[in-house]
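Observations on the model geometry
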Amino acid sequence: ALFDRDCSGTVSFDEFREVMESFDLGLSRQQLGPFFRALLGNSADKKINVVEFLSRFDVVFGGHVHSEDAKWIHEVLSGLGKLYLAQCGDDEGESTARTLLDRFEKADTDGNGTLSLTEFVREIQHWKTYLERLGVSPSYLTEDKLFEVAKVVDISGEE
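**Brief notes about the confidence of the model for the protein**
Confidence in the prediction for the protein averages 75 pLDDT; 74% of positions are at 70 or higher. Below pLDDT 50 for its whole length, residues 89-97 participates in 17 contacts with residues either more than four positions away or in separate chains.

Shown next as structure tokens:
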């Protein structure tokens, strides 16, 4: 995965540092150390479980969300973003973009180059257990709720 370079299920400081340096944020190793220790929390280990690690970040997304829907839709979309960050990395030389494209092509069951609302919902349902582990409420992962999420991110307006 992006941060879990050795696919051990954990993120070490060296893995964290390597990825953060690739983002070219201008942070030194001395600045990254306290940041990583804050992510570790009370853990005595020098590593953090990758799901726990990713759950400490918010994923930012665009799109129009009505204020009354914002909280639960944000939770689902943040969970999806974290899940894809966890699943799509540079394993064995594969780029994140290539991995995401592969997932998209698999979800695009009719092969038309776009995801219908049904294809989008089916893809999310495939990851339901993982989304729940990332803290997304199961009540937000019903088929009806997922169709609402799909409509928020739908840019074509087609069903």
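**Points about the packing of aromatic side chains**
Inspection of every chain in the model, using the stated rule, returns 4 aromatic pairs. Judged by centre distance (5.7 Å) and plane angle (65°), the rings of F13 and F36 are edge-to-face. Taken as a pair, F13 in helix 1 (residues 13-22) and F36 in helix 2 (residues 29-40) lie far apart in primary sequence, 23 residues in all. Among the residues examined, F13 registers a relative accessible area of 18% and is labelled buried. Using a relative accessible area of 3% as the deciding quantity, one classes F36 as buried. Among the aromatic side chains, those forming a connected cluster through ring pairs are F13, F16, F35 and F36.

**Details of the nonpolar core**
By size, the foremost hydrophobic cluster in this structure holds 18 residues, and its most contacted members are V76, L80, L131 and V149. Every element with two or more residues in this core is listed here: helix 4 (67-87), helix 6 (117-126) and helix 8 (143-153). A total of 5 residues in this core trace back to one element, the largest contributor, which is helix 4. Listed in part, the 14 residues of the second largest apolar core include V11, V19, L40 and I48.

**Digging into a nonpolar patch on the surface**
Together, F23, L25 and L27 line one region of the surface with nonpolar side chains, adding up to about 280 Å² of accessible area. When you line up the elements, L25 lands in the loop between helix 1 and helix 2. The class for L25 is exposed, based on a relative accessible area of 51%.

**Section: the packing of helix 1 against helix 2**
Packing of helix 1 against helix 2 leaves a shortest axis separation of 10 Å and a crossing angle of 125°. When the interaxial angle is binned, helix 1 and helix 2 end up oblique. Regarding helix 1 and helix 2, the two cross each other, and that crossing is right-handed. For the pair helix 1 and helix 2, contact is made by F13, D14, F16, R17, M20 and E21 and by R29, L32, G33, F35, F36 and L39, respectively. Across the contact of helix 1 with helix 2, the residue classes break down as 7 nonpolar, 1 polar and 4 charged.

**Overview of helix 8**
Three or more residues of helix 8 are buried, namely L146, V149, A150 and V152. Buried residues of helix 8, viewed axially, fall in a sector of 155°; they line one side.

**As for the pattern of salt bridges**
If you walk through the whole model with that rule in mind, you get 3 salt bridges. Across the pair D14 and R17 runs a salt bridge whose closest N-O atoms are separated by 3.7 Å. Remark: R17 and D14 occur in helix 1; sequence separation between them is 3 residues, near one turn of the helix. Residue classification places D14 among the partly exposed residues on the basis of a relative accessible area of 42%. In this structure, R29 engages D14 in a salt bridge whose closest nitrogen and oxygen atoms are separated by 3.8 Å.

**A short note on helix 2**
If you check helix 2, its first and last C-alpha atoms are 16 Å apart, about what 12 residues at 1.5 Å a residue would give, namely 16 Å. Considered for burial, the residues of helix 2 that qualify are L32, G33, F36, L39 and L40. Buried positions in helix 2, seen along its axis, are confined to an arc of 130° and lie on one side of it. Opposite the packed face of helix 2, turned more than 90 degrees from it, sit the exposed residues Q30, R37 and A38.

Reading the values: the criteria
The residue numbering used here restarts from 1 in each chain and proceeds along that chain's sequence as written. Whole-chain, interface and lining totals are the exception, using all residues; otherwise, since this is a predicted model, local features are given only for residues with pLDDT of at least 70 and side-chain atom pairs are given and counted only at 80 or more. Heavy atoms throughout the structure, all of them, feed into the side-chain values; hydrogens and water do not. Every residue is assigned a pLDDT by the predictor, reflecting its confidence on a scale from 0 to 100. In what follows, a contact means two residues having at least one pair of non-hydrogen atoms within 4.5 Å. Two aromatic rings, drawn from Phe, Tyr or Trp (for Trp, its six-membered ring), form a pair once their centres lie within 6.5 Å of each other, and the interplanar angle then sorts them: stacked below 30 degrees, edge-to-face above 60, tilted otherwise. Each helix corresponds to a stretch of at least 4 residues labelled H or I by DSSP, and each strand to a stretch of at least 2 residues labelled E; elements are numbered beginning at the N terminus. Burial classes: relative accessible area under 20% of the type maximum marks a residue as buried, over 50% as exposed, and values in between as partly exposed (1.4 Å probe, protein chains only). Buried Ala, Val, Leu, Ile, Met, Phe, Trp, Tyr and Cys residues form a nonpolar core when they are joined through side-chain atoms within 4.5 Å. To count toward a patch, a residue needs a relative accessible area above 30% and no salt bridge. Like charges then connect within 9 Å, nonpolar side chains (Val, Leu, Ile, Met, Phe, Trp, Tyr) within 5 Å. The Shrake-Rupley method, run with a 1.4 Å probe sphere, supplies the accessible areas, and residue values consider only the shown protein chains as cover. Basic side-chain nitrogens of Lys or Arg form a salt bridge, by our definition, when they fall within 4 Å of a carboxyl oxygen of Asp or Glu. Lines are fitted to the C-alpha atoms to define the axes, a helix being fitted only along its stretch in contact, and any angle between axes, read from their N-to-C directions, falls within 0 to 180 degrees. In this scheme, roughly parallel covers angles under 35 degrees and roughly antiparallel covers those over 145, while 65 to 115 is roughly perpendicular and the rest are oblique. Throughout, a crossing is termed right-handed when the near helix is turned clockwise from the far one, and left-handed when it is turned anticlockwise from it by less than a right angle. Amino acid classes used here: Ala, Val, Leu, Ile, Met, Phe, Trp, Tyr, Cys and Pro are nonpolar; Asp, Glu, Lys and Arg are charged; the rest, including Gly, are polar. Taken from the helix axis, the directions to the C-beta atoms give the arc we talk about. What a helix should span is 1.5 Å times the count of its residues minus one.

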